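Descriptive structure summary
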Amino acid sequence: MSAPSAPPILDFAPFYGADSEAKSQLIDEVRNCCHYNGFFQITGHRVPLDLQRRVMDCSRRFFDLPLEEKLQIDKNHNSFNRGYELLRSQMLEVGTGPELKEGLYIGEEIPEDHPYYLEKKLNSGPNQWPQTVLDKDEFQKTTMEYYHAVFELAKDVLGVLAQTLGVETSFFEPLTDGAVATMRYLHYPAQPQDTDEKLNRGIGAHTDFGCITLLLQDEVDGLQVLDAPTGQWLDVKPVPGAYVVNLGNLFMRMANDKYKSNTHRVINKSGRERYSIPFFFSGNPDYVCECLPNCRDEGEAAKYGPITVQDMVTASYKESYGRAESYKKEMESTKQERIAAASAAPAVAAIAA
Ligand SMILES: O=C(O)CCC(=O)C(=O)O
Ligand SMILES: [Fe+2]
């Protein structure tokens, strides 16, 4: 068995170019990554560095707001998963403590007369914008400009994934037309160096639910991907301007488990604050996920029946959050304590609470 290797950094530019040899090399490399652990990084994409910088600045501006301002747009106030998530709200990994991250959940602007809102489609509703953030109009504009730029990139990545399966680049258009995607501004406070690593997670070990995730990290490391055969955790090093791409459970299911949706986690041991922006591409909620072409050996049956994106992702949420649910109920009774802890000197007070 070869030594475990961290996700490689691939130049995505050949996808946009005319060099067919470079393009087919990119496709081969992506295919290898999909078989291995479903993770790779890409540079050479079309999301401008300047836009990435501006969006990271928006994220910092938001998290710098006083807690009571952030709580004005608490995502618990709505059923469509938009708005602010308080520190220590989630717990994805059994046997660890609540997660040391706060977030802002954002998506396509879906007004209340939109069919997706009326039909209660996945994460569909109006964005919950902070009213007191510095340069509020620029904040909203940059956030949505970035959202749309990454949405386009996600479509391009799916174009390459189609090619890894030997089908047309346009194969996933029925999935990407009218797709739902959710973006999160995430902030991981600095963890004191001596905190118990077993308990303190930025995000506990998990797999992503949807089709693909495109993650922008700042320069602070902390993301790790599990090398299943050896049980080793591999660091996914921040590369300026790059996206970490990983497949989610939905894609793995469609690929008859031939492509991997892999376990990953965040432990922020840097002693610094960490910011990241994952973009979760679920797909058109009504798209029926079936076994993709060329994912079965001769005579091999599809492992899974057809399911819509909506049902698959909703089921994943239920399964994953079910575990956290009872914990959260318990947490609810101590919510005021958590708010008090988060308002105090963030890192140390929050850890000690
Ligand atoms: O913040 C990161 O680096 C990873 C985030 C992540 O895995 C997630 O939100 O699902
Ligand atoms: Fe994740």
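The written sequence of each chain sets the order in which its residues are numbered from 1. Here every chain gets a letter starting at A, and every ligand a number starting at 1, in the order they are written. Only residues with pLDDT of at least 70 are given local features in this predicted model, and only at 80 or more are side-chain atom pairs given and counted; all residues enter the totals for whole chains, interfaces and linings. For side-chain calculations, the full set of non-hydrogen atoms in the structure is used, while hydrogens and water are omitted.

Here we come to the overall build of the chain. The helix and strand labels rest on DSSP assignments: H or I over at least four residues marks a helix, E over at least two residues marks a strand, and numbering proceeds from the N terminus. From N to C terminus, the chain includes ten helices and 14 strands. Only protein chains enter the accessibility calculation, which uses a 1.4 Å probe; a residue is then buried when its area is under 20% of its type maximum, exposed when over 50%, and partly exposed in between. The 353 residues of the chain split such that 55% are buried. A separation threshold of at least 6 residues defines the contact pool for the chain, and within that pool the share at least 24 residues apart is 77%. Each accessible area is a Shrake-Rupley result for a 1.4 Å probe, and residues are judged covered by the shown protein chains and nothing else. In the structure as shown, the chain presents an accessible area of about 15500 Å², 51% of it carried by carbon and sulfur atoms. Throughout, a contact is declared for two residues whenever any of their heavy atoms are within 4.5 Å.

Octahedral metal centres with six donors ideally show angles of 90 or 180 degrees, and tetrahedral centres with four donors ideally show 109.5 degrees. Surrounding the iron ion (ligand 2) are the protein donor atoms His206 (NE2), Asp208 (OD) and His264 (NE2), which sit 2.1 to 2.2 Å from the metal. Under the relative-accessibility criterion, His206 is labelled buried at 15%. Distances decide who is a donor: an N, O or S atom must be within 2.8 Å of the metal, or within 3.2 Å for Na, K and Ca. Water is not included, so sites may look incomplete.

What follows deals with unusual backbone geometry. For residues that are not glycine, phi is negative in most cases, and the peptide bond is trans in most cases. One non-glycine residue, Asp135, adopts positive backbone phi at about 50°. With respect to the helices and strands, the residue Asp135 is situated in the loop between α4 (115-118) and α5 (136-164). Judged by its relative accessible area of 51%, Asp135 is exposed.

Quick look at the confidence of the model for the chain now. Across the chain, each position has a pLDDT score giving the predictor's confidence in that residue, from 0 to 100. Of all residues in the chain, 88% have pLDDT values of 70 or greater, and the mean over the chain is 90. Across residues 345-353 the pLDDT falls below 50, and counting only partners more than four positions away or on other chains, this stretch makes 17 contacts in the model. Scoring of the predicted complex yields 0.91 for pTM and 0.99 for ipTM.

Neighbouring residues of ligand 1: 13 residues in total, closest Tyr188, His206, His264, Arg274 and Ser276. Within the side chain of His206, a nitrogen or oxygen atom sits 2.9 Å from an oxygen atom of ligand 1. Pairs of N or O atoms are called polar contacts if they sit within 3.5 Å, as long as, within protein, a hydrogen donor faces a hydrogen acceptor (for residues adjacent in sequence, only side-chain-to-side-chain pairs). Between Ser276 and ligand 1, the recorded distance is 2.7 Å, taken from a side-chain N or O atom to an oxygen atom. Surface burial for ligand 1 is 95%, taken as the share of its 300 Å² of free accessible area covered by protein chains. Any residue with a heavy atom positioned within 4 Å of a molecule or strand is treated as near that molecule or strand.

This paragraph deals with the environment of Val150. Mapping Val150 onto the fold places it in helix α5. Taking the relative accessible area as the measure of exposure, Val150 reaches 0% and is therefore buried.

Here we take up the nonpolar core. The criterion is simple. A nonpolar core is a set of buried Ala, Val, Leu, Ile, Met, Phe, Trp, Tyr and Cys residues joined through side-chain atoms within 4.5 Å. In this structure, Tyr146, Leu161, Phe172, Tyr185, Phe251, Phe279 and Phe281 are the most contacted members of the largest nonpolar core, which totals 78 residues. At 13 residues, α5 tops the list of elements feeding residues into this core. Not counting chain neighbours up to four residues away, the residues in contact with Leu161 comprise Val30, Cys34, Phe172, Ile212, Leu247 and Phe251. Membership of the second largest hydrophobic core comes to twelve residues, among which are Leu92, Tyr188, Leu223 and Val266.

Turning our attention to the packing of helix α2 (residues 49-63) against α5. In this analysis, axes come from line fits to C-alpha atoms, helices being fitted only over the stretch in contact, and the angle between any two N-to-C directions falls in the range 0 to 180 degrees. Between α2 and α5, the least distance of the axes is 9 Å, while the angle of their chain directions is 130°. In terms of axis orientation, α2 runs oblique to α5. For the element pair α2 and α5, the recorded crossing hand is left-handed. Facing Leu51, Gln52, Arg54, Val55, Cys58, Arg61 and Phe62 of α2, the residues of α5 in contact are Glu138, Phe139, Thr142, Thr143, Glu145, Tyr146 and Ala149. Oblique is the label for every angle not falling under 35 degrees (roughly parallel), over 145 degrees (roughly antiparallel), or within 65 to 115 degrees (roughly perpendicular). For a crossing to be left-handed, the near helix must be turned anticlockwise from the far one by less than a right angle; the clockwise case is right-handed.

As a further point, take the pattern of salt bridges. For salt bridges, the criterion is a side-chain nitrogen of Lys or Arg within 4 Å of an Asp or Glu carboxyl oxygen. Counting across every chain of the model gives 17 salt bridges. Between Arg54 and Asp50 there is a salt bridge; the shortest N-O distance is 3.1 Å. With Arg54 and Asp50 both in helix α2 and four residues apart, this pair spans about one turn of that helix. Given the relative accessible area of 28%, Arg54 is considered partly exposed. On the accessibility criterion, Asp50 (44% relative accessible area) is partly exposed.

If you trace the four strands from one edge of the open sheet to the other, you get β6-β11-β8-β9, paired in antiparallel fashion. Each edge of the sheet is formed by a strand with only one pairing partner; in this case those strands are β6 (203-206) and β9 (232-235). Going from strand to strand, the sheet's axes swing by 25° on average, the running direction of each strand aside. Where strand β8 (residues 223-227) and strand β11 (residues 264-266) come together, three bridges link them in antiparallel fashion. From the neighbouring strand, Val225 faces β11, where its bridge partner is His264. DSSP calls a pair of strands paired once it identifies at least 2 bridges connecting them.

Glancing now at the packing of helix α1 (residues 20-36) against α5. Axes are the key here: two packed helices are described by the angle between their axes and the distance separating the axes. Orientation of α1 relative to α5, taken along the N-to-C sense of each, is 85°, at an axis distance of 9 Å. As summarised for this structure, α1 and α5 are arranged roughly perpendicular, according to the angle between their axes. In this structure, α1 uses Leu26, Ile27, Val30, Arg31 and Cys34 to contact α5, whose residues at the interface are Val160, Leu161, Gln163 and Thr164. A breakdown of the residues in the contact of α1 with α5 according to their chemical character gives six nonpolar, two polar and one charged. In the scheme used here, Gly and all other residues not listed as nonpolar or charged are polar, with Ala, Val, Leu, Ile, Met, Phe, Trp, Tyr, Cys and Pro taken as nonpolar and Asp, Glu, Lys and Arg as charged.

Right, let's get into the environment of Thr207. Of note, Thr207 is situated in the loop between β6 and β7 (212-217). By relative accessible area, which is 24% here, Thr207 ends up partly exposed. Separated by 56 residues in sequence, Thr207 and Thr263 place their C-alpha atoms 4.8 Å apart. Once you skip the residues sitting within four places of it in the chain, Thr207 turns out to touch Asn249, Ser261, Asn262, Thr263 and His264. Within the structure, the side chain of Thr207 is placed 3.0 Å from the side chain of Asn249, a separation counted as a polar contact.

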